[in-house]
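Fold and geometry: a report
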Amino acid sequence: MDTSGLGGGAPSFELQQFLEQEKQKAMVNELVAKLTDSCWEKCMGTPGSKLSSGETACFSNCAQRFLETSQLILQKFERMQQG
Amino acid sequence: MDAFSSPRPSSSGGPSNEEMMDQVRTQLAHAYAEEFFATVRDKCFAKCITKPGSSLSGSEASCVSRCVDRYIEATGVVSRAVLNASPR
C-alpha cells in the first residue's frame, strides 16, 4: 500500500495495528465499567473503609456469572437459528 | 482532532505516527475519565445522599469519599474477574 503523498490517506500498518489494539482495550474497559455498574447495585452495602470479603466475592462472582449468562444466551440464540 | 482533520502533506509527511498515537491515547483517556466520573458521581449520589438537605452534611461528604474509593476498588475486582474469565 502506497501511503506517500496521500494527504490523510490510508494510515500506515503500524497505525492500524495501534488503533486495533486501542479498540480492543476500549472494549474491555467498557465491559468492566458496565459490569461494575450493574454489580454495584447487587453487591454494595454502605461504603466502608474497604470492601468487605463478602462484597469482594460478590463482585467477582457477579462479573463471572454475567459473562457465563452471556455465553448461555448466545448459545441458545445459535440453537434457535439452527432449529 | 487536528491531526485528522487537517493533515499537513509536508515534506516530513505531516504528523508522525508517534504524534497521532499520543493524541489518540490522550483523547481515549480523557473520554474514559469523563465517563468514569459521571458514573461514580451518579452511584455515590444515590448511595450517600438519600435525603438532600440544605447542605451536604459531614457524614454525607465522608460517605461520598468512601464510596468513590470503594467504586475504584470494585472496578479492580471486576477487572481481574473479567481477565481471569476470558483466556480465549
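In this text, all values refer to a predicted model and were calculated from it rather than measured experimentally.

1. Some details on the interface of chain A and chain B
Taken together, the contact between chain A and chain B spans 32 residues of the former and 28 residues of the latter. Across the chain A to chain B interface the summed buried area is about 2,700 Å²; carbon plus sulfur atoms make up 72%. Scanning the region where chain A abuts chain B turns up two salt bridges. Between Lys43 of chain B and Asp37 of chain A there is a salt bridge, with the nearest N and O atoms lying 2.7 Å from each other. One can count eleven residue pairs in polar contact (both at pLDDT 80 or more) joining chain A with chain B. Secondary-structure elements contributing two or more residues to the side of chain A that touches chain B are helix H1 (13–43) and helix H2 (53–82) of chain A. Per element, the largest residue contribution to the side of chain A that touches chain B is 15 residues, and it comes from H1 of chain A. Of the residues contributing to the side of chain A that touches chain B, the split by class is 15 nonpolar, twelve polar and five charged.

2. Re the packing of H1 of chain A against helix H3 (residues 58–85) of chain B
Taken N-terminus to C-terminus, the directions of H1 of chain A and H3 of chain B make an angle of 120 degrees; their axes are 9 Å apart at the nearest point. On the basis of the axis angle, H1 of chain A is oblique to H3 of chain B. Viewed along their axes, H1 of chain A and H3 of chain B form a crossing whose handedness is right-handed. For the pair H1 of chain A and H3 of chain B, contact is made by Val28, Leu31, Val32, Ala33, Leu35, Thr36, Asp37 and Trp40 of chain A and by Cys67, Arg70, Tyr71, Ala74, Thr75, Val78, Ser79, Val82 and Leu83 of chain B, respectively. Looking at the contact of H1 of chain A with H3 of chain B residue by residue, the classes come out as twelve nonpolar, three polar and two charged.

3. Observations concerning the UniProt feature "domain: Tim10-like" (unreviewed entry) in chain A
Under the UniProt annotation, the feature "domain: Tim10-like" (unreviewed entry) is placed at residues 17–78 of chain A. Helix makes up 85% of residues 17–78 of chain A and strand 0%, with an end-to-end C-alpha separation of 31 Å.

4. Quick word on the confidence of the model for chain B
Per-chain confidence: chain B averages 87 in pLDDT, with 82% of residues scoring 70 or above. Overall fold confidence for the complex sits at a pTM of 0.81, while the interface term, ipTM, reaches 0.81.

5. As for the state of the cysteines
All names here are of chain A. Tallied over the full model, the rule gives four disulfides over all chains. Sulfur-sulfur distance for the disulfide between Cys39 and Cys62 comes to 2.0 Å. Sign of the S-S torsion, about -85 degrees for the bond between Cys39 and Cys62, identifies this disulfide as left-handed. Taken together, the positions of Cys39 in helix H1 and Cys62 in helix H2 put the pair 23 residues apart, joining distant regions of the chain. No difference in accessibility class separates Cys39 from Cys62, as the two residues are buried.

Conventions adopted
- Residues numbered from 1 in each chain as written.
- Chains lettered and ligands numbered in written order.
- Predicted model: local features only at pLDDT ≥ 70, side-chain atom pairs only at ≥ 80, totals over all residues.
- Heavy atoms only, no water.
- Contact = heavy atoms within 4.5 Å.
- Buried area = accessible area lost by both parts, 1.4 Å probe.
- Salt bridge = Lys/Arg side-chain N within 4 Å of Asp/Glu carboxyl O.
- Polar contact = N/O pair within 3.5 Å; in protein donor to acceptor, adjacent residues only side chain to side chain.
- Helix = DSSP H or I, 4+ residues; strand = E, 2+ residues; numbered from the N terminus.
- Nonpolar A, V, L, I, M, F, W, Y, C, P; charged D, E, K, R; others polar.
- Axes fitted to C-alpha atoms, helices over the stretch in contact; angles between N-to-C directions.
- Parallel < 35°, antiparallel > 145°, perpendicular 65-115°, else oblique.
- Left-handed = near helix turned anticlockwise from the far one by under 90°.
- UniProt positions renumbered as here; feature names shortened; annotations may be inferred.
- pLDDT = per-residue confidence, 0-100.
- Disulfide = S-S within 2.5 Å.
- Buried < 20%, exposed > 50% of the residue type's maximum accessible area, 1.4 Å probe, protein only.

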